[in-house]
Amino acid sequence: MKIYQTNEIKNIALLGSAGSGKTTLAEAMVYEAGIIKRRGTVESKNTMSDYFPVEQEYGYSVFSTVFHVEWNNKKLNIIDCPGSDDFVGGAITALNVTDQAVLLINGQYGPEVGTMNA
């Protein structure tokens, strides 16, 4: 395993309301980084992030999921946070350990209640 200096590591949280595309973006990131050979989908219940049975049953993230990719000689620790207001604690906890966050907004619906909370 490669050893990274602290300036080569970035912690990023993916935030947004439920259904805004956080898990889909996370899946695309690990695919583009070459970690997986095929992208999963939330509908197919085969994403890297939502692997708990309760998440597959509900069709959205219940727990924050951490994974990492290497991009441009940097290690990116990505946290896919739940978007449902019922599980906002996972997103708040993730923000305690991240350097930055990416706020996703569903282009079809625009800013929603979950977006305002994030």
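Predicted model only: the values in this text are computed from it and were never measured.

Asks: Please provide a residue-by-residue account of the environment of Phe-67, values included.
Replies: With respect to the helices and strands, the residue Phe-67 is situated in strand S2 (residues 65-71). Sequence-wise, Phe-67 and Ala-26 are 41 residues apart; in three dimensions their C-alpha atoms are separated by 8.8 Å. With residues up to four places along the chain from it excluded, the contact list for Phe-67 reads Ala-26, Val-30, Ser-49, Leu-76, Asn-77 and Ile-78.

Asks: Tell me about the sheet that holds strand S3 (residues 74-80), and please be specific about residues and values.
Replies: Spatially, the 4 strands line up as an open sheet ordered S2-S3-S1-S4, and their pairing is mixed. Looking at which strands have only one partner, the edges of the open sheet turn out to be S2 and strand S4 (100-104). Here the average twist between neighbouring strands, direction ignored, is 25°. Inspection of the sheet shows strand S1 (residues 9-16) paired to S3 by 6 bridges, in the parallel sense. Paired with Ile-12 across the bridge in S3 is Ile-78. Of the strands in this sheet, S1, S3 and S4 are in contact with helix H3 (residues 88-95), which crosses S1 at around 155°.

Asks: Tell me about the pairing of S2, residues and numbers included.
Replies: Here 7 bridges tie S2 to S3, and the two strands are oriented antiparallel to one another. Paired with Trp-71 across the bridge in S3 is Lys-74.

Asks: Let's hear about the nonpolar core: which residues, and what values?
Replies: Note on soluble globular proteins: their nonpolar side chains tend to be buried together. Among the nonpolar cores identified, the biggest contains 10 residues, and these are Ile-12, Leu-14, Ala-26, Val-30, Ile-36, Phe-67, Val-69, Leu-76, Ile-78 and Leu-104. The set of elements that each furnish at least two residues to this core consists of S1, helix H1 (22-32), S2 and S3. Ala-13, Leu-15, Ile-79 and Ala-91 belong to the second largest nonpolar core, which has 6 residues in total.

Asks: Which residues make up the environment of Tyr-60, and what values go with them?
Replies: With respect to the helices and strands, the residue Tyr-60 is situated in the loop between helix H2 (53-58) and S2. Along the backbone, Tyr-60 and Gly-34 are 26 residues apart, and their C-alpha atoms lie at a distance of 24 Å. Ignoring anything within four residues of it in the chain, the contact list for Tyr-60 reads Asp-50, Glu-55, Ser-84 and Phe-87.

The rules behind these values
Residues numbered from 1 in each chain as written. Predicted model: local features only at pLDDT ≥ 70, side-chain atom pairs only at ≥ 80, totals over all residues. Heavy atoms only, no water. Helix = DSSP H or I, 4+ residues; strand = E, 2+ residues; numbered from the N terminus. Contact = heavy atoms within 4.5 Å. Pairing = 2+ DSSP bridges. Axes fitted to C-alpha atoms, helices over the stretch in contact; angles between N-to-C directions. Core = buried A, V, L, I, M, F, W, Y, C linked by side-chain atoms within 4.5 Å. Buried < 20%, exposed > 50% of the residue type's maximum accessible area, 1.4 Å probe, protein only.

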